[in-house]
Amino acid sequence: MPTRILPSSPETANVSLQWAKPPKQERSQNTHDRLIEAAERLVSRGRAWSDIGVQELVKEAGASVGAFYNRFRDKDALLHILQISLYQEGEVTAAAAHQLAALDVPLEALIRAFVSLAVNVYRQQHGIRRALQLEMFNNKAFRDRAVALSKLTCEGLVDVLHARYPTTDMATLRTAVDV
């Protein structure tokens, strides 16, 4: 069972504390994780976030409605936590990707690795990403986090490429990555 970590940066930590109460005990953390995983499972089955009710979430998680509301203000607060969790996973992945710069592989292999990762992640997380995409149309906080992660990912790829090909102009690399 993957561990979920609340954001560590001061800006997002303050925001996330409005959405969820951090678990205090291992049992509470397990319930918190089960609720998050239940939400991910439900949307991965093609369900729209707006069609999923709290009752269905808690049933899928094997939890109670009271346990849900002890951890989340409402269902949308859970969606915020899911997006923040994906953002954190993206940060960790981007940091790990910097190790690719040290490998002696052709440019095509580096690009293929990044594209393959992006495609595989999207396939695995298509449900939650679809729910977040829909929410981004109406909610600036969702949109801002998605744009920030996209920028982080692109900047990471530019940094890796520049480390491997230091004579290449940064502007050229940014343009290539943006394309």
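Not measured: the values here are computed from a predicted model.

**As for the overall build of the protein**
Next up, step 1: Scanning the protein from N- to C-terminus turns up nine helices and zero strands.
Next up, step 2: Helices and strands in the protein line up, N terminus first, as α-α-α-α-α-α-α-α-α.
Next up, step 3: Classification of the 179 residues of the protein by burial places 36% in the buried group.

**With respect to helix α5 (residues 75-97)**
Next up, step 1: For α5, with 23 residues, the first-to-last C-alpha span of 33 Å sits near the 33 Å given by 1.5 Å per residue.
Next up, step 2: Structurally, the start of α5 carries an N-cap: the backbone nitrogen of aspartate 76 is 3.2 Å from a side-chain oxygen of aspartate 74.

**Remarks on the confidence of the model for the protein**
Next up, step 1: In the predicted model, the protein carries a mean pLDDT of 79, and 87% of its residues have values of at least 70.
Next up, step 2: Considering each helix and strand of the protein separately, the mean pLDDT is smallest for helix α1 (residues 10-19), with a value of 39, and largest for helix α3 (residues 54-61), with 96.
Next up, step 3: Long-range and interchain partners of residues 1-21, a stretch whose pLDDT sits below 50, account for 37 contacts in this model, where long-range means more than four residues apart.

**A short note on the nonpolar core**
Next up, step 1: In this structure, Trp49, Leu57, Phe68, Phe72, Leu78, Leu79 and Leu82 are the most contacted members of the largest nonpolar core, which totals 25 residues.
Next up, step 2: Those elements that place two or more of their residues in this core are α2 (26-44), α3, α5 and α7 (126-136).
Next up, step 3: Counting residues in hydrophobic clusters, the runner-up holds 10 residues, among them Ala101, Phe114, Leu157 and Leu161.

**Concerning the environment of valine 177**
Next up, step 1: Along the polypeptide, valine 177 turns up in helix α9 (residues 170-178).
Next up, step 2: For valine 177, a relative accessible area of 14% gives the class buried.
Next up, step 3: Remark: the alpha-carbon pair of valine 177 and isoleucine 111, spanning 66 residues in sequence, is separated by 9.3 Å.
Next up, step 4: In this view, valine 177 contacts Cys154, Leu157, Val158 and Leu161; residues no more than four positions away in its chain are not counted.

**A word on α2**
Next up, step 1: Taking 1.5 Å per residue as the helical rise, α2 with its 19 residues ought to reach 27 Å, and the 26 Å between its terminal C-alpha atoms agrees with that figure.
Next up, step 2: Tucked inside the fold, the buried residues of α2 contact α3, α4 (65-71), α5 and α7.
Next up, step 3: Glycine 46, located one to two residues past α2, shows a positive phi value of around 95°.

**Digging into the pattern of salt bridges**
Next up, step 1: Applying the stated criterion to the full structure yields six salt bridges.
Next up, step 2: The partner of glutamate 60 in a salt bridge is arginine 41, and the shortest N-O contact between them spans 2.8 Å. Of this pair, glutamate 60 sits in helix α3 while arginine 41 sits in helix α2; the two residues are 19 residues apart in sequence, bridging distant segments of the chain.
Next up, step 3: Its relative accessible area of 24% is what places glutamate 60 among the partly exposed residues.
Next up, step 4: Under the relative-accessibility criterion, arginine 41 is labelled partly exposed at 32%.
Next up, step 5: Glutamate 108 serves as the salt-bridge partner of arginine 112, at 2.5 Å between the closest nitrogen and oxygen. Note that arginine 112 and glutamate 108 are positioned in helix α6 (residues 107-124) at a spacing of four residues, about one turn of the helix.
Next up, step 6: Residue glutamate 108 is classed as exposed on the basis of its relative accessible area, which comes to 53%.
Next up, step 7: Linked through salt bridges whose partners overlap, the residues forming this network are Arg41, Arg45 and Glu60.

**Describing the packing of α7 against helix α8 (residues 140-164)**
Next up, step 1: It is at 7 Å that the axes of α7 and α8 come closest, and there the two elements cross at 120°. As the angle between them shows, α7 and α8 are arranged oblique. Contacts between α7 and α8 involve Leu132, Glu135 and Met136 from the first element and Phe142, Arg143 and Ala146 from the second.
Next up, step 2: Broken down by class, the residue content of the contact of α7 with α8 amounts to four nonpolar, no polar and two charged.

Rules and cut-offs
- Residues numbered from 1 in each chain as written.
- Predicted model: local features only at pLDDT ≥ 70, side-chain atom pairs only at ≥ 80, totals over all residues.
- Heavy atoms only, no water.
- Helix = DSSP H or I, 4+ residues; strand = E, 2+ residues; numbered from the N terminus.
- Buried < 20%, exposed > 50% of the residue type's maximum accessible area, 1.4 Å probe, protein only.
- Expected span 1.5 Å × (residues − 1).
- Polar contact = N/O pair within 3.5 Å; in protein donor to acceptor, adjacent residues only side chain to side chain.
- pLDDT = per-residue confidence, 0-100.
- Contact = heavy atoms within 4.5 Å.
- Core = buried A, V, L, I, M, F, W, Y, C linked by side-chain atoms within 4.5 Å.
- Salt bridge = Lys/Arg side-chain N within 4 Å of Asp/Glu carboxyl O.
- Axes fitted to C-alpha atoms, helices over the stretch in contact; angles between N-to-C directions.
- Parallel < 35°, antiparallel > 145°, perpendicular 65-115°, else oblique.
- Nonpolar A, V, L, I, M, F, W, Y, C, P; charged D, E, K, R; others polar.

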